[in-house]
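If you want the building blocks of each chain, they are given just below.
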Amino acid sequence: MGGLQPWHWVIVIAVFVLLFGAKKLPDAARSLGKSMRIFKSEIKEMQSESKAEEAAPAKPITSERVETPAPEQQSPDRHTA
């Protein structure tokens, strides 16, 4: 009962044709297919990058912070006025 029957699909297709028009549907399907191909290629690239990172030994990150000498501490016997 959860699946769509063939006459349900006919109604859905008819609604799409009425809403978007017969001329725009092929362009919309083409752009959707192109977007899916780009999405799949990006996922494959991310997976290959993560596998490459796992295979490579971890390098320690070098700090870009410049070491500055600590400010001089005032002695307890020195009072400011």
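Calculation notes
- Residues numbered from 1 in each chain as written.
- Predicted model: local features only at pLDDT ≥ 70, side-chain atom pairs only at ≥ 80, totals over all residues.
- Heavy atoms only, no water.
- UniProt positions renumbered as here; feature names shortened; annotations may be inferred.
- Helix = DSSP H or I, 4+ residues; strand = E, 2+ residues; numbered from the N terminus.
- Buried < 20%, exposed > 50% of the residue type's maximum accessible area, 1.4 Å probe, protein only.
- Areas by Shrake-Rupley, 256 points an atom, 1.4 Å probe, with all protein chains shown as cover.
- Patch = residues over 30% accessible without salt bridge, like charges linked within 9 Å, V, L, I, M, F, W, Y side chains within 5 Å.
- Salt bridge = Lys/Arg side-chain N within 4 Å of Asp/Glu carboxyl O.
- Lys, Arg positive; Asp, Glu negative; His and termini not counted.
- Charge placed at Lys NZ, Arg CZ, Asp CG, Glu CD.
- Phe/Tyr/Trp six-rings, centres within 6.5 Å; stacked < 30°, edge-to-face > 60°.

- Looking up the chain in an unreviewed UniProt entry gives the name Sec-independent protein translocase protein TatA, with the organism given as Mycolicibacterium wolinskyi.
- In UniProt, the chain has this text filed under Sequence similarities (unreviewed entry): "Belongs to the TatA/E family."

1. Some remarks on the overall build of the chain
And then number 1: Counting its regular elements, the chain contains two helices and zero strands.
And then number 2: Each of the 81 residues in the chain was classed as buried or not, and the buried ones make up 0%.
And then number 3: Accessible area of the chain: about 8,600 Å², with a carbon and sulfur share of 63%.

2. Section: the UniProt feature "transmembrane region" (unreviewed entry) in the chain
And then number 1: As recorded in UniProt, the sites labelled "transmembrane region" (unreviewed entry) are residues 6-22.
And then number 2: The span residues 6-22 is 88% helix and 0% strand, and its two end C-alpha atoms sit 20 Å from each other.

3. Concerning a negative patch on the surface
And then number 1: On the surface, Glu-42, Glu-45, Glu-49, Glu-53 and Glu-54 cluster together to form a negatively charged patch.
And then number 2: Structurally, the position occupied by Glu-45 is in helix 2 (residues 24-55).

4. Some details on the pattern of salt bridges
When their charged atoms lie close together, side chains carrying opposite charge are able to pair.
And then number 1: Counting across every chain of the model gives one salt bridge.
And then number 2: In this structure, Arg-30 and Asp-27 form a salt bridge, with 2.8 Å as the shortest nitrogen-oxygen distance. Of this pair, Arg-30 and Asp-27 are both found in helix 2, three residues apart, which corresponds to roughly one turn of the helix.
And then number 3: Residue classification places Asp-27 among the partly exposed residues on the basis of a relative accessible area of 45%.

5. With respect to the packing of aromatic side chains
And then number 1: Taken as a whole and assessed by the stated rule, the structure comprises one aromatic pair.
And then number 2: Centroid distance Phe-16 to Phe-20: 5.9 Å. Interplanar angle 15°. Geometry classified as stacked. On the criterion of helical spacing, the pair formed by Phe-16 and Phe-20 is a turn pair, its members being four residues apart in helix 1 (residues 6-20).
And then number 3: Of the residues examined, Phe-16 reaches a relative accessible area of 42% and is grouped as partly exposed.
And then number 4: Residue class for Phe-20 comes out partly exposed when judged on its relative accessible area of 46%.

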